[in-house]
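Structural characterization, general
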Amino acid sequence: MSVNIQESFKKLSMGDKIILIAGPLLLIDSFLNWYSVEACFLDTCVSASRSGWQSPGALWSILAVLIGVLLSGGVAAVNFANVKLPALPQGLTWARVDLGAAVAAALFILLKLLGESSYLAYGFFIGIVLVAALVVGAGLNFQAEREGKGGATTSSM
């Protein structure tokens with residue numbers, strides 16, 4: 001069974017591999033510290049931290065994480081569970097939908113950053129890298145589709 005998964009993973013396009021890895025990692029990252037602050041007075045220090053699921057701008061990071069999970073779930077479903085995606089209206093492809101969703105996730109992270117850029121912690125920076133990876137993966141699939149090579153989401157239709 002695991003050999004089949006490994007073989008299936010090796011057959012994926014580079015874009016699908018990136019999406020399949022970045023989505024779950026973004027979910028894990030969302031529980032890390034995205035904001036952290038420490039205040040000291042005399043010999044007493046107090047610190048506070050916030051994850052991607054918490055304010056400020058929790059809605060934006062939650063939407064970005066959900067998009068990442070949906071994108072990676074779609075790639076996994078098509079490639080490992082033999083799910084066939086529904087047909088889209090003429091002129092619209094799954095590669096375009098995926099690229100649009102990945103760009104939306106990047107915009108959501110940017111909105112969260114613009115809302116509060118003080119006291120950023122390591123989780124926020126990791127999140128930026130992972131959302132950028134989603135955009136790159138979806139962009140590679142879109143480019144492959146335009147060149148007629150197709151990715152997992154386009155070859156299943």
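Description of the structure in this document. (Residues numbered from 1 in each chain as written. Predicted model: local features only at pLDDT ≥ 70, side-chain atom pairs only at ≥ 80, totals over all residues. Heavy atoms only, no water.)

The secondary structure content of the protein chain amounts to 6 helices and 2 strands. Its C-alpha atoms put the protein chain at 65 × 35 × 20 Å along the principal axes. Counting the 157 residues in the protein chain, one finds 33% classified as buried. Split by element, the accessible area of the protein chain, about 8900 Å² in all, is 66% carbon and sulfur. Measuring between centres, the 9 positive side-chain charges of the protein chain sit 13 Å from its 9 negative side-chain charges. (Helix = DSSP H or I, 4+ residues; strand = E, 2+ residues; numbered from the N terminus. Buried < 20%, exposed > 50% of the residue type's maximum accessible area, 1.4 Å probe, protein only. Areas by Shrake-Rupley, 256 points an atom, 1.4 Å probe, with all protein chains shown as cover. Lys, Arg positive; Asp, Glu negative; His and termini not counted. Charge placed at Lys NZ, Arg CZ, Asp CG, Glu CD.)

Residue placement: Lys17 occurs in helix α2 (residues 14–29). Discounting chain neighbours no more than four positions away, the residues touching Lys17 are Phe9, Lys10 and Leu12. (Contact = heavy atoms within 4.5 Å.)

For the structure shown, the criterion picks out 1 disulfide. Residue Cys40 pairs covalently with Cys45 via a disulfide, S to S 2.0 Å. Handedness here is read from the sign of the S-S torsion; for Cys40 and Cys45, about 110 degrees, the answer is right-handed. Given a relative accessible area of 47%, Cys40 falls into the partly exposed group. (Disulfide = S-S within 2.5 Å.)

Here we take up helix α4 (residues 94–115). For α4, with 22 residues, the first-to-last C-alpha span of 31 Å sits near the 32 Å given by 1.5 Å per residue. Among the residues of α4, Trp94, Ala95, Asp98, Ala102, Ala105, Phe108, Ile109 and Lys112 are the ones counted as buried. Projected down its long axis, α4 shows its buried positions confined to an angular sector of 145 degrees, all on one face. The exposed residues of α4 that point more than 90 degrees off its buried face are Leu114 and Gly115. (Expected span 1.5 Å × (residues − 1). Arc of directions from axis to C-beta.)

Attention now moves to the packing of aromatic side chains. Enumeration according to the criterion identifies 4 aromatic pairs in this entry. When the ring of Trp34 is compared with that of Phe124, the centres are 5.2 Å apart and the planes differ by 70 degrees; the resulting orientation is edge-to-face. Here the residue Trp34 occupies a position in strand β1 (residues 33–41), and Phe124 occupies one in helix α5 (residues 122–146), the gap between them amounting to 90 residues. For Phe124, a relative accessible area of 0% gives the class buried. Seen in terms of ring centroids, Trp60 and Phe108 are 5.6 Å apart; in terms of plane orientation they differ by 25 degrees. Their pairing is stacked. One end of the pair, Trp60, is in helix α3 (residues 58–80); the other, Phe108, is in helix α4, and 48 residues separate them in sequence. An aromatic cluster is built from Trp34, Tyr35 and Phe124, whose rings are joined through pairwise contacts. (Phe/Tyr/Trp six-rings, centres within 6.5 Å; stacked < 30°, edge-to-face > 60°.)

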